[in-house]
Amino acid sequence: MSFAKINYCVNMPVEIKEKGMAENKLQVLKDVTGSFRPGILTALMGVSRAGKTNLMDVLAGRKTGGYIEGGILISGFPNNQSIFARISGYCEQNDVHSSQVIVRECLISLHFSVSLRNSMTKKRRLKFVDEVMELVELHNLKDSIVGLPGVTGLSTEHRKRLIIVVELVANPSNIFMDEPTSGLEARAVAIVIRTVRNTVETGRIVVCSTNRETMSQDSLPSPHRRTQNSASLG
Ligand SMILES: Nc1ncnc2c1ncn2[C@@H]1O[C@H](COP(=O)(O)OP(=O)(O)O)[C@@H](O)[C@H]1O
Ligand SMILES: [Mg+2]
């Protein structure tokens, strides 16, 4: 998929207006152009508040407010946003899971609810769920209870992978991940990245955002509310 000159504006927040800003609109994204390829991991890098989440929301068709300009092409054709949203998964930075469920059971029921209209047999359904759990290396925790963050059950790093697998059960062609590695220590980052790579290798379009503070400081552009540079995909 590719996108060109994406602009996104919102109505000026009252707090900023009260400080004497005359304009009625706040430009959040300005002329953002790029492309994502299947089977290749694309990272959106930038400081906090650079606009990464907003860009992914716009591209994934999740925005309900504001003013969007610019075009999105899928396989060379202008995108129908609703179709694109249907084939896209979106992993939020911090997701909310029910605490009292068991990992595998929860994924099976989710898979059932997202694929009601297809006539998959029970055996195939279970096989599919087991496959996606293996992809994110959660199969060892299939009988674990999700629990409460920081109190019981899965660790922060396991939860990050749970966010990914919850989206994967819907078998999306594209998957957006908002800061899948933020708040994790180095070893946990390596595991999450490995599972993200496994997902990429299934031939999906995978886009993840990453906070600049978690990357090497020298190799990255200085903070500014615009696209500073881009590198070849890989
Ligand atoms: N509806 C909105 N009202 C006010 N400000 C907004 C709105 N949407 C986005 N912004 C602004 O857009 C900027 C970028 O935010 P975001 O996409 O969350 O950045 P990132 O994900 O890179 O940390 C922030 O400075 C935020 O204040
Ligand atoms: Mg963000």
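To be clear, the structure that these remarks concern was listed above.
Here goes a summary of the coordinates provided.

Reading guide: rules and limits
- Residues numbered from 1 in each chain as written.
- Chains lettered and ligands numbered in written order.
- Predicted model: local features only at pLDDT ≥ 70, side-chain atom pairs only at ≥ 80, totals over all residues.
- Helix = DSSP H or I, 4+ residues; strand = E, 2+ residues; numbered from the N terminus.
- Buried ≥ 20, exposed ≤ 12 C-beta atoms within 10 Å, placed from the backbone.
- Contact = placed C-beta atoms within 7 Å.
- Pairing = 2+ DSSP bridges.
- Axes fitted to C-alpha atoms, helices over the stretch in contact; angles between N-to-C directions.
- Near = placed C-beta within 6 Å.
- Nonpolar A, V, L, I, M, F, W, Y, C, P; charged D, E, K, R; others polar.
- Expected span 1.5 Å × (residues − 1).
- Arc of directions from axis to C-beta.

**Things to note about the overall build of the protein chain**
Here is step 1: Looking only at helices and strands, the protein chain features seven helices and eight strands.
Here is step 2: A total of 234 residues make up the protein chain; the buried ones form 27% of that total.
Here is step 3: Restricting to contacts in the protein chain with at least 6 residues of sequence separation, those with at least 24 account for 70%.

**Re the sheet that holds strand E7 (residues 174–177)**
Here is step 1: Within the open sheet, the four strands sit side by side as E3-E8-E7-E6. Their pairing is parallel. Both edges of this open sheet fall to strand E3 (41–46) and strand E6 (88–91), since each of them pairs with a single strand only. Put simply, the sheet's adjacent strands are angled 15° from each other on average, direction ignored.
Here is step 2: Sheet topology places E7 next to strand E8 (residues 205–211); four bridges connect them, and they run parallel. Counted as the bridge partner of Phe176 is Val207 from E8.
Here is step 3: Running over the sheet, helix H6 (residues 156–168) touches E6 and E7 and is turned about 165° from E6.
Here is step 4: Lying over the sheet, helix H7 (residues 186–200) contacts E3, E7 and E8, oriented at roughly 155° with respect to E8.

**As for the site of ligand 1**
Here is step 1: The local shell around ligand 1 consists of Val10, Pro13, Leu26, Val28, Gly46, Ser48, Arg49, Ala50, Gly51, Lys52, Thr53 and Asn54.
Here is step 2: Split into classes, the residues belonging to the shell around ligand 1 amount to five nonpolar, five polar and two charged.

**Some thoughts on the environment of Thr33**
Here is step 1: With respect to the helices and strands, the residue Thr33 is situated in strand E2 (residues 25–35).
Here is step 2: Contacts of Thr33, omitting those with residues within four sequence positions, involve Phe3, Ala4 and Lys5.

**Structural notes on H7**
Here is step 1: A rise of 1.5 Å per residue sets the reference length of H7, with its 15 residues, at 21 Å; its end C-alpha atoms lie 21 Å apart and thus fit the reference within 8%.
Here is step 2: Restricting attention to buried positions, one finds in H7 the residues Val192, Thr195, Val196 and Thr199. Buried residues along H7 cover an arc of 105° about the axis, so they all sit on one side. Relative to its buried face, H7 has exposed residues pointing more than 90 degrees away, namely Ala186, Arg187, Ala190 and Arg197.
Here is step 3: Contact partners of the buried residues in H7: E3, helix H5 (122–135), H6, E7 and E8.

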